[in-house]
Amino acid sequence: MITLCEVGPRDGLQNEDKHVSTEHKVKLIEQLINSGVTKIEAVSFVHPKVVPQMADAEQVLAGIGNQQKIEIAGLVLNRGGFKRAIQTQIDRVHIAAATSDTFNIKNAKKSVQDGVNELSEVTSDAVGSNYPVTAILATSFGCPYEGKVDPNTVFQAVESFLESGADEIVLADTTGMANPYQVQDMIGSFRRSFGKDIPLGLHFHNTRGLGLANVLAGYEAGVRRFDASIGGLGGCPFAPKAVGNVCSEDMIHMFDEMGVETGVNLEKMIQTSQQLEKWIEKTLEGLVMKAGAASVNGGKGECN
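Small disclaimer: the values here were computed from a predicted structure and weren't measured.

Q: Tell me about empty space enclosed by the protein, residues and numbers included.
A: In this approach a probe as big as a water molecule rolls over the atoms, and the regions it shows empty are the leftover space. Using the criterion set out here, one finds 2 cavities of 30 Å³ or more in the structure. Its boundaries defined by the atoms lining it, the largest cavity holds a volume of some 50 Å³. Residue lining of the largest cavity: L77, A96, A97, N104, A108, K110, G115, E118 and L119, and that is the complete set. Where the lining of the largest cavity is concerned, the elements lending two or more residues are β4 (92–98), α5 (101–108) and α6 (112–128). With 3 residues, the top contributor of residues to the lining of the largest cavity is α6. Each residue belonging to the lining of the largest cavity can be placed in one class, and the counts come to 5 nonpolar, 2 polar and 2 charged. Secondary-structure elements contributing two or more residues to the lining of the second largest cavity are α2 (22–34), β2 (39–45) and α3 (57–64). For the lining of the second largest cavity, the per-class residue count stands at 8 nonpolar, 1 polar and 2 charged.

Q: Quick one: what's the story with the sheet that holds strand β8 (residues 225–228), residue by residue and with numbers?
A: Spatially, β1-β2-β3-β4-β5-β6-β7-β8 is the arrangement adopted by the 8 strands of the closed barrel, whose pairing is parallel. With strand direction ignored, the average angle separating the axes of adjacent strands in the sheet is 25 degrees. The sheet contact formed by β4 and strand β5 (residues 133–138) spans 6 bridges and is parallel. By the bridge assignment for β5, H94 is matched with T134. The sheet contacts of helix α9 (residues 211–220) involve β6 (168–173), β7 (200–204) and β8, and relative to β7 the element is tilted by about 165 degrees.

Q: How would you sum up the side chain of K39? Please name residues and give values.
A: Secondary-structure assignment places K39 in strand β2. A distance of 2.5 Å separates polar atoms of two side chains, one belonging to K39 and the other to E71. With residues near it in sequence (within four places) discarded, K39 still touches T3, L4, C5, E6, E71, R92, E168 and R225.

Q: Would you mind going over the pairing of β7 in detail, with residue names and values included?
A: With 5 of 5 residues buried, β7 lies mostly within the body of the structure. The alternating pattern of β7 places L200, L202 and F204 on one face and G201 and H203 on the opposite face, and all of these are buried. Where β6 lies against β7, 5 bridges are found, and the strand directions are parallel. Note on β7: the bridge partner recorded for L171 is L202.

Q: Residues and numbers for the pairing of β4, please.
A: Burial analysis of β4 places 7 of its 7 residues in the buried class, which makes it a mostly covered element. A two-sided burial pattern is seen for β4, the buried positions comprising R92, H94, A96 and A98 on one face and V93, I95 and A97 on the other. The pairing of strand β3 (residues 71–76) with β4 spans 4 bridges and is parallel. Note that in β4 the partner of G74 across the bridge is V93. Since β3 and β4 lie parallel, the crossover through helix α4 (residues 79–85) that links them has a hand, and here it is right-handed.

Q: Residue-level account of the nonpolar core, with values.
A: Counting 87 residues, the largest nonpolar core has F161 and L171 as the members making the most contacts within it. The leading source of residues in this core is helix α11 (residues 266–280), at 6 residues. Among all residues touching L171, those that are not within four sequence positions of it are L137, S140, F141, V154, M186, F190, L200, G201, L202 and H203. Judged by nonpolar contacts, the second largest core, of 5 residues, contains A96, I136, V170 and A172.

Calculation criteria
Residues numbered from 1 in each chain as written. Predicted model: local features only at pLDDT ≥ 70, side-chain atom pairs only at ≥ 80, totals over all residues. Heavy atoms only, no water. 1 Å grid on protein atoms, 1.4 Å probe; cavity = no way out; pocket = protein on both sides within 12 Å on 5 of 7 lines; lining within 4 Å. Points joined across faces, edges and corners; volume = space filled by probe spheres on them. Helix = DSSP H or I, 4+ residues; strand = E, 2+ residues; numbered from the N terminus. Nonpolar A, V, L, I, M, F, W, Y, C, P; charged D, E, K, R; others polar. Pairing = 2+ DSSP bridges. Axes fitted to C-alpha atoms, helices over the stretch in contact; angles between N-to-C directions. Contact = heavy atoms within 4.5 Å. Polar contact = N/O pair within 3.5 Å; in protein donor to acceptor, adjacent residues only side chain to side chain. Buried < 20%, exposed > 50% of the residue type's maximum accessible area, 1.4 Å probe, protein only. Right-handed = clockwise from strand over helix to strand, strands pointing away. Core = buried A, V, L, I, M, F, W, Y, C linked by side-chain atoms within 4.5 Å.

Right under this line is the structure:
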């Protein structure tokens, strides 16, 4: 069985010009929960002038309330964000640091080492306050400014976060630079460095059309936890031409067709994507929401 961590409410919406109301964000999260999603990155605690779409993080969390059997996470990029996060009812803290100096300076105005140092302290504080922590390593597969990223740099950051108490690691392809062979090599190196017991997740963008191929490569290498975004929504405000995340419905459809259990109702996810299109007033990138599931109707067309 695979686990979807739905990042649409945060990573998906953060780069949208069209403002989405608090009410619609709450409805989006509730519909995702109703579809069977059990892990949701719902908000980020960042300065509203930097990411205006996330200005209502506290209000969104208050709107959805406490959800049994659902893990609601909030993204934290610094100590100030952490102080806000622990005033809410989040279940898990997500921290994120890039592994490229140029990218991290643009994103957080810190070098990789300074960012890792600060967020390692935040991780320790969160664990001390009984919050589980997922450490997300952005640009793990490449940087749009620096090109290739040395895996040793990635693993040094991983080691710091594990030592600080993080109980889950996510390797993120922030701007869609990974390829399937690279993904499998990275996972193999990760397991050799940290063993098989460290929970590992993957976060891919579809910038160059390899998102699902990389998910499948990760699955074949043993990973069972993947980030994805409803409708393929998303992008990074600090990365040039970084289009959306892997589409949740497309990924669920792929695994369904492979006979791999996801626990997510595909039809309900498609309905949620269609509703989201109306709220943000743009066509989403997802394909299954347009064509339908292959096993249901074989698509909508009859073209040879």
